[in-house]
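Structural features, examined
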Amino acid sequence: MATTVSDFLIQRIKDWGVSRVFAFPGDGIGELDGALGKADRKGEGLEYIRPTHEEICALMAVAHAKFTGEVGVCMATSSPGGFHLINGLYDAKMDNQPVVAIVGQQGLDALGTSTQQESNLERTFADVAAYVQTIVSPAQAQAVIDTAFRTAIARRQPCVIVLPHDVQAMKATEPTASHWMSRSSDAPAEIGITPPESEVRRAAEIINAGSKVTFLVGAGARGATDEVIEAATIAGAGIITALRGKDVVPADVPFHTQQVGLLGSLPSLHQMNDCDTLVMLGTNYPYGEFLPKTGQARAVQVDIRPEQLGVRYPTEVNLWGDVKATLAALIPMLEAKADRVWQERIEEEWRGWEREMKDQALQSFPDGGNPRRIFHELNARLPENAIITCDAGTTADWYGHHIRLRRGMKGDLSGRLATMLAAMPYATAAKFAFSERTVICTIGDGAFQMLGMNELITVKKYMKQWTNPQFIVIVMHNDDLAQVSWEMRTEDGNPVWRGSQDVESVDYAGWAELLGFKGIRLKDDDFAAAAVEEALAHRGVTVIDDYVTRNAPPLPPKITPEYRNNMIKAMLKGDPLEVPALVDSAEALAHEGLARVKGALHLGRGADRNA
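Residues numbered from 1 in each chain as written. Predicted model: local features only at pLDDT ≥ 70, side-chain atom pairs only at ≥ 80, totals over all residues. Heavy atoms only, no water.

**Concerning the overall build of the protein chain**
So the rule is basically this: Numbering goes from the N terminus for both helices and strands, where a helix is a DSSP run of H or I of at least four residues and a strand is a run of E of at least two. Whether two residues are in contact is decided by their heavy atoms, any of which lying within 4.5 Å being enough. Where accessible areas are quoted, they stem from the Shrake-Rupley method and a 1.4 Å probe; at the residue level, only the protein chains shown are allowed to cover.
The helix and strand tally for the protein chain stands at 23 helices and 17 strands. Taking all contacts inside the protein chain whose residues are at least 6 apart in sequence as the whole, residues at least 24 apart take part in 75%. Counting every atom, the protein chain has about 23,300 Å² of accessible surface; 51% of that belongs to carbon and sulfur.

**Notes on the packing of aromatic side chains**
What counts is decided by this rule: Two rings from Phe, Tyr or Trp (for Trp, the six-membered ring) form a pair when their centres sit within 6.5 Å of each other. Planes less than 30 degrees apart are called stacked, planes more than 60 degrees apart edge-to-face, and all others tilted. A simple rule labels every residue: compare its accessible area, found with a 1.4 Å probe on the protein chains alone, to the largest value its type can have, and call it buried under 20%, exposed over 50%, or partly exposed in between. Working rule: Lys NZ or Arg CZ, within 6 Å of ring centre, within 35 degrees of ring normal, means a charge sits over the ring.
A full pass over the atoms with the stated rule returns 6 aromatic pairs. Judged by centre distance (5.5 Å) and plane angle (75 degrees), the rings of Tyr-285 and Tyr-287 are edge-to-face. Tyr-285 gets classed as buried once you look at its relative accessible area, which sits at 7%. Among the aromatic residues, ring-to-ring pairing joins Phe-432, Tyr-462, Trp-466 and Phe-471 into one connected group. Positioned over the ring face of Tyr-399 is Lys-246, at 5.4 Å from the centre of the ring. Its end group placed over the ring of Phe-434, Arg-437 keeps NZ or CZ at 4.8 Å from the ring centre.

**Some remarks on the sheet that holds strand 4 (residues 99-105)**
Note the following rule: At least two bridges found by DSSP between two strands are what make those strands a pair. Axis lines are fitted to C-alpha atoms, over the contacting stretch for helices. Their N-to-C directions set the angle, which ranges from 0 to 180 degrees.
One open sheet accounts for 6 strands, arranged 2-1-3-4-6-5; its pairing is parallel. A single partner strand is all that each edge strand has here, and the edge strands are strand 2 (47-49) and strand 5 (131-134). Taken over all neighbouring pairs, the strand axes of this sheet differ in orientation by 20 degrees on average, direction set aside.

**With respect to the sheet that holds strand 12 (residues 387-390)**
In spatial order, the strands read 13-12-14-15-17-16; together these 6 strands make up an open sheet with parallel pairing. Both outer strands of the open sheet, strand 13 (410-412) and strand 16 (518-522), are each paired with one neighbouring strand and no more. For this sheet, the mean inter-axis angle between neighbouring strands, taken without regard to orientation, is 15 degrees. Relative to strand 13, strand 12 runs parallel, the two being bridged by 3 bridges.

**Focus: the side chain of Asn-379**
Condition: Any pair of nitrogen or oxygen atoms within 3.5 Å is treated as a polar contact; in protein, a donor-acceptor pairing is required on top of that, and neighbouring residues in sequence qualify only through side-chain atoms on both sides.
Its location among the elements puts Asn-379 in helix 13 (residues 371-380). At a separation of 2.6 Å, a polar atom in the side chain of Asn-379 contacts the main-chain amide nitrogen of Arg-404.

**Quick notes on unusual backbone geometry**
Of note, the phi angle at Arg-156 is positive, near 55 degrees, even though the residue is not glycine. Locating Arg-156 in the fold gives a position in the loop between helix 6 (138-155) and strand 6 (158-164). Unlike most non-glycine residues, Leu-421 shows phi in positive territory, near 80 degrees. Counting through the fold element by element, Leu-421 comes out in the loop between strand 13 and helix 15 (423-433).

**Things to note about the packing of helix 1 (residues 5-15) against helix 6**
Going by this rule: The scheme is simple: roughly parallel for angles under 35 degrees, roughly antiparallel for over 145, roughly perpendicular for 65 to 115, oblique for anything else. Helix crossings fall into two classes, left-handed where the near helix is turned counterclockwise from the far one by less than a right angle and right-handed where it is turned clockwise. Gly is put with the polar residues, along with every residue not named as nonpolar or charged; the nonpolar set is Ala, Val, Leu, Ile, Met, Phe, Trp, Tyr, Cys and Pro, and the charged set is Asp, Glu, Lys and Arg.
One way to put it is that helix 1 packs onto helix 6 with a least axis distance of 10 Å and a crossing angle of 25 degrees. It follows from the interaxial angle that helix 1 and helix 6 lie roughly parallel. Relative to helix 6, the crossing made by helix 1 is right-handed. On the side of helix 1, the interface is formed by Val-5, Phe-8, Leu-9, Arg-12 and Ile-13, while helix 6 contributes Pro-138, Ala-141, Gln-142, Ile-145, Asp-146 and Phe-149. Grouping the amino acids of the contact of helix 1 with helix 6 by side-chain chemistry returns 8 nonpolar, 1 polar and 2 charged.

**Points about the pairing of strand 3 (residues 72-76)**
Let me state the cut-off plainly: By convention, a crossover is right-handed whenever its connection, traced from the first strand over the helix to the second and viewed with the strands pointing away, goes clockwise.
The element strand 3 is extensively covered by neighbouring structure, given that 5 of its 5 residues are classed as buried. Alternating residues of strand 3 divide into Gly-72, Cys-74 and Ala-76 and Val-73 and Met-75, and every residue in both groups is buried. As judged from the 2 bridges shared by strand 1 (residues 20-23) and strand 3, these two strands associate in the parallel manner. Directly across from Ala-23, in strand 3, lies its bridge partner Met-75. In this sheet, strand 4 lies alongside strand 3 in parallel orientation, the contact comprising 5 bridges. Its bridge partner lying in strand 4, Cys-74 is registered against Ala-101. The handedness of the strand 3 to strand 4 crossover, carried by helix 4 (residues 79-94), is right-handed.

**With respect to the packing of helix 3 (residues 54-68) against helix 4**
Where helix 3 contacts helix 4, the axes come no closer than 7 Å and their chain directions differ by 30 degrees. With respect to each other, helix 3 and helix 4 are oriented roughly parallel. Taken as a pair, helix 3 and helix 4 cross one another with a handedness that is right-handed. Judged by residue contacts, Glu-54, Glu-55, Cys-57, Ala-58, Leu-59, Val-62 and Lys-66 of helix 3 engage Gly-81, His-84, Leu-85, Asn-87, Gly-88, Leu-89, Asp-91 and Ala-92 from helix 4. Residue classes in the contact of helix 3 with helix 4 are distributed as 7 nonpolar, 4 polar and 4 charged.

**A short note on the environment of Val-62**
Counting through the fold element by element, Val-62 comes out in helix 3. The residues contacting Val-62, other than those within four sequence positions of it, are Gly-88, Asp-91, Ala-92, Gln-97, Val-99 and Tyr-426.

**Considering the side chain of Thr-134**
Inspection of the secondary structure puts Thr-134 in strand 5. Residue contacts for Thr-134: discarding those within four places in its chain leaves Glu-122, Gln-140, Val-162 and Pro-164.

**Observations concerning helix 13**
With respect to burial, helix 13 is a largely interior element, 8 of its 10 residues being buried. Every buried residue belonging to helix 13 is among Pro-371, Arg-372, Arg-373, Ile-374, Phe-375, Glu-377, Leu-378 and Asn-379, and all of these are buried. Here helix 13 starts with a cap whose side-chain oxygen sits 2.9 Å from the backbone nitrogen of Arg-372, and that cap is Asn-370.

Have a look at this one:
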């Protein structure tokens with residue numbers, strides 16, 4: 001039996017399959033920190049990764065869960081450290097990831113007395129956590145730890161264990177067969193749920209009756225790649241992946257048209273506009289304007305989270321189950337489509353879109369590099385089994401438009417929360433989990449300045465532990481919070497306000513060199529391919545500082561009147577950026593209404609100049 005509650009906790013989370021924790025120390029969790037150090041000296045501890053900030057700890061735990069399928073664990077001290085974890089825990093909550101946070105607390109006698117760093121942590125974490133509980137006695141520890149892990153796995157949600165400082169050092173005791181005493185199990189709940197056969201048959205009947213079937217596949221279908229492709233092939237369906245589901249279906253599946261929406265493809269949009277049957281697999285895709293019109297398509301949804309069924313589109317059949325297990329039951333009931341016209345049309349349109357994307361990537365700008373270009377060149381050179389992360393700004397657009405993940409590759413980002421800066425802790429966590437693989441982080445300069453630059457220090461600290469030290473960071477250096485700038489124009493019709501949007505220019509390659517890494521300054525698109533090749537040839541850390549224009553709009557696949565009119569309004573109000581660059585960047589991709597947009601924008605300039 002472990003000596004203290006802290007010793008017991010360490011062993012119990014190891015029993016749950018945990019071998020690595022992302023943590024930051026502090027006095028509120030000091031006894032547990034001491035126990036971790038003692039176990040490490042004995043060779044019986046956990047791999048303890050200490051990045052530069054508690055927020056990074058939580059985001060790394062989320063990324064670990066996403067890339068490995070295991071529970072991610074983060075630790076922090078009491079109130080200040082615990083509060084810093086919250087952003088990452090919301091990332092886990094909104095992207096359905098099993099994460100357990102272990103947070104220190106002041107001693108039991110101090111609770112409710114407003115002493116230093118004491119706060120009501122259970123109330124603080126109540127919204128973000130599926131389960132949050134303070135361990136108040138050694139006999140309770142087993143049940144709380146087991147419940148937190150079991151709940152995180154079964155509900156795919158974050159859970160929080162609060163551990164007061166004095167309880168951490170108390171002598172561990174074995175729970176007894178006593179009143180009020182729980183003796184718990186460290187066996188996880190099985191979540192490979194299959195819906196009833198009658199409901200699966202109803203879903204099959206709907207799919208079999210459709211002539212234009214589209215599968216919308218999300219990250220909840222991870223592990224079911226072969227089943228998704230087989231089912232779509234039988235049904236003659238096209239496949240669209242949500243951004244977080246991008247790595248579920250390999251890019252070389254010819255009827256896979258990648259994403260839909262503001263950063264999606266035109267073939268995907270056409271699928272949504274024309275399909276008569278929609279099958280949603282492990283996705284909580286939130287953008288209703290890009291789904292079929294009500295009444296256009298019959299719909300089926302499969303999800304392990306029952307509360308997410310039927311909430312995005314009026315589905316006829318909602319199957320509560322694991323995607324892989326459900327498809328295994330569904331496939332024998334599907335009838336092979338003899339008519340492949342729908343699927344063949346999708347394939348042909350996709351080939352045209354890929355030519356369009358290449359043309360867009362090779363376009364030149366007068367005031368800086370094309371941000372699409374390096375993604376285009378990177379995609380052409382991605383090594384086998386690479387892992388790519390992207391941030392929540394315009395890098396997500398270029399990632400969606402140009403990166404094509406092959407079988408065995410992984411890619412991810414902060415999805416529904418879409419928090420900035422996550423790309424760096426995601427990439428670092430991926431490197432710890434798969435140190436032999438090439439990991440590539442794509443991030444905007446604004447996000448890189450938040451905490452990304454700090455995390456190069458973490459990389460420097462731990463890179464000697466990695467089998468393959470190759471780690472590449474591509475910084476989109478445009479001195480602008482570009483995604484928000486374009487949202488201001490196209491959603492609100494407001495000109496960019498430089499006071500909020502300008503990002504101070506920093507020599508990111510120089511920062512990398514200061515840390516002993518390779519820095520590459522890319523200031524000419526013609527050298528983008530060479531920069532990628534140099535980074536991939538370097539067995540170490542490389543930062544590519546890509547100087548790109550802030551005038552490249554992350555255009556949707558189809559320009560709506562609202563989008564066009566809001567851009568016009570922004571220009572009429574005196575947008576400070578050069579209008580011809582905006583228009584020229586749109587011209588090659590957006591096929592409708594651009595002559596009128598161009599004329600209106602130039603009219604706006606004249607009106608503004610004459611005012």
